[in-house]
Amino acid sequence: YANKPKITKYGPSAVSGQQLVRLLQQFFQRDSYDLLRKNCNSFADMALYCLLDLRLNPNVCGLEKIGHAADKKSHIIQLATDGGYRPNPAADSFSPEKVIHCIDDYKTQRGFR
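Residues numbered from 1 in each chain as written. Predicted model: local features only at pLDDT ≥ 70, side-chain atom pairs only at ≥ 80, totals over all residues. Heavy atoms only, no water.

## Things to note about the side chain of Asp104
And then number 1: Tracing the backbone shows Asp104 in helix H5 (residues 96–109).
And then number 2: With residues near it in sequence (within four places) discarded, Asp104 still touches Tyr49 and Arg113. (Helix = DSSP H or I, 4+ residues; strand = E, 2+ residues; numbered from the N terminus. Contact = heavy atoms within 4.5 Å.)

Shown next as structure tokens:
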């Protein structure tokens, strides 16, 4: 690494790894990845919320949000990548707010809240 990764410990979670997978797999299906709209940062954000009720720092996702907004208006990312980036229709329905709602319901039903 050019810069040493920063590791931050937040403590234990009431949600197990198996519960995390079971809960998030419905939202992160195979072939639903999108570089700008549903990517590893999206998963990390939802996993962090599921485990610890925290959200990923918005600065981490800033560039992809700008890219998505620009591409939505002018297809600039598609043009700049000579078609290498194409929005994935399988990511169209992804909504972090819907995932958070589902996580909140899950935690409430199981007494985590």
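## A few points about the nonpolar core
And then number 1: Counting residues in each nonpolar core, the largest one holds 14 residues, and the members touching the most others are Leu20, Leu23, Leu24, Met46, Cys50, Val99 and Ile103.
And then number 2: Mapped by element, the contributors of at least two residues to this core are helix H1 (17–24), helix H2 (40–52) and H5.
And then number 3: In this view, Leu20 contacts Val15, Ala47, Cys50 and Leu51; residues no more than four positions away in its chain are not counted. (Core = buried A, V, L, I, M, F, W, Y, C linked by side-chain atoms within 4.5 Å. Buried < 20%, exposed > 50% of the residue type's maximum accessible area, 1.4 Å probe, protein only.)

## Side note on the packing of H1 against H5
And then number 1: Taken N-terminus to C-terminus, the directions of H1 and H5 make an angle of 135°; their axes are 11 Å apart at the nearest point. With respect to each other, H1 and H5 are oriented oblique. The crossing of H1 and H5 is right-handed. On H5, the residues that touch Gln19, Arg22, Leu23 and Leu24 of H1 are Val99, Cys102, Ile103 and Tyr106.
And then number 2: Grouping the constituent residues of the contact of H1 with H5 by class yields 6 nonpolar, 1 polar and 1 charged. (Axes fitted to C-alpha atoms, helices over the stretch in contact; angles between N-to-C directions. Parallel < 35°, antiparallel > 145°, perpendicular 65-115°, else oblique. Left-handed = near helix turned anticlockwise from the far one by under 90°. Nonpolar A, V, L, I, M, F, W, Y, C, P; charged D, E, K, R; others polar.)

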